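# Notes for the structure review
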Amino acid sequence: YRRQRQMCIRDRFNTVRMEAVKLLSRYNDANFVEAVRLGVNDPYELVSRLCADYAGNIGDPALLPDMVTAYLDCQERSRAAYTLSNSLALFPKEDVAAAVNDFYARNNRYKGEAENRNVIKQYDRQVKFAEEHIAQMTDTTLTDAKRTSAIRFVRNNPYHQHLDTFFDLSLIHISEPT
């Protein structure tokens, strides 16, 4: 795995770095997490987007500082920034807020305090949107169509902090008589 990880970091060919990350994803170990951490800031946008997706799926809070840095420093790469914002929404609110606040504490940015507030506000909107869908999933007073729609939204996003809710919902459904 060491060779693939080195390729992720050092190879001059974009496609080699991308394929190395894909190969490491099969093993889902510390080498993969390290490759994802480095990959969110890769100069090749496709590698950065791929790693942003992987970071959200992994859900390791150790990735947050690099994700936040890539998100806030690479706004000219709008597709990578969009993917990063979606992946950040999969993490617990407190962890993301702490990573954003740490970023602004380490960086002297023009109007940094206002920018920090706006980033947190935008993140809060995304989290609220997701939490509304999760609440709809568990609301038995809604029609099956509305609950199914909410499930379709959530199924593609591993909201790690809500796993207990998802398990409870599946157990309720399994225990209901047919």
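Report follows, based on the coordinates. Please read these numbers as outputs of a predicted model, since none were measured by experiment.

## Comments concerning the pattern of salt bridges
Counted under the stated rule, the structure contains eight salt bridges. Between arginine 109 and glutamate 115 there is a salt bridge, and its shortest N-O distance comes to 3.0 Å. Among the residues examined, arginine 109 registers a relative accessible area of 26% and is labelled partly exposed. When its relative accessible area of 24% is taken as the criterion, glutamate 115 is described as partly exposed. One continuous salt-bridge network, built from bridges that share partners, spans Glu34, Arg37 and Asp66.

## Here's the deal with unusual backbone geometry
Positioned with a positive phi, asparagine 28 is a non-glycine residue whose angle comes to about 45°. If you trace the backbone, asparagine 28 turns up in the loop between helix H2 (14–25) and helix H3 (30–39). Positive phi outside glycine occurs at lysine 111, with the angle close to 55°. Tracing the backbone shows lysine 111 in the loop between helix H7 (93–106) and helix H8 (112–138).

## What about the side chain of arginine 147?
For arginine 147, the position within the fold is in helix H9 (residues 144–155). Aspartate 144 provides the closest opposite charge to the buried, unpaired arginine 147, separated from it by 4.7 Å.

## Topic: H7
Taking 1.5 Å per residue, 14 residues should reach 20 Å; H7 reaches 20 Å between its end C-alpha atoms and fits that length. At its buried positions, H7 is contacted by helix H5 (64–73), helix H6 (78–88) and H8.

## Brief notes about the packing of H2 against helix H4 (residues 45–58)
Here H2 crosses H4 at 15°, and the two axes come no closer than 9 Å. In terms of their interaxial angle, H2 and H4 are classed as roughly parallel. With respect to the hand of their crossing, H2 and H4 are arranged in left-handed fashion. The segment H2 lies against H4, with Asn14, Arg17, Met18, Val21, Lys22 and Ser25 engaging Leu46, Val47, Leu50, Cys51 and Tyr54. A per-class count over the contact of H2 with H4 returns seven nonpolar, two polar and two charged.

## A look at the side chain of aspartate 42
For aspartate 42, the location among the structural elements is in the loop between H3 and H4. Look at aspartate 42 and you get buried, because its relative accessible area is 6%. A polar contact of 2.8 Å, which involves the side chain of aspartate 42, links it to the backbone nitrogen of tyrosine 44.

## Side note on H6
Restricting attention to buried positions, one finds in H6 the residues Ala80, Ala81, Thr83, Leu84, Ser85, Ser87 and Leu88. The inward-facing, buried residues of H6 contact H4, H5, H7 and H8.

Parameters at a glance
- Residues numbered from 1 in each chain as written.
- Predicted model: local features only at pLDDT ≥ 70, side-chain atom pairs only at ≥ 80, totals over all residues.
- Heavy atoms only, no water.
- Salt bridge = Lys/Arg side-chain N within 4 Å of Asp/Glu carboxyl O.
- Buried < 20%, exposed > 50% of the residue type's maximum accessible area, 1.4 Å probe, protein only.
- Helix = DSSP H or I, 4+ residues; strand = E, 2+ residues; numbered from the N terminus.
- Lys, Arg positive; Asp, Glu negative; His and termini not counted.
- Expected span 1.5 Å × (residues − 1).
- Contact = heavy atoms within 4.5 Å.
- Axes fitted to C-alpha atoms, helices over the stretch in contact; angles between N-to-C directions.
- Parallel < 35°, antiparallel > 145°, perpendicular 65-115°, else oblique.
- Left-handed = near helix turned anticlockwise from the far one by under 90°.
- Nonpolar A, V, L, I, M, F, W, Y, C, P; charged D, E, K, R; others polar.
- Polar contact = N/O pair within 3.5 Å; in protein donor to acceptor, adjacent residues only side chain to side chain.

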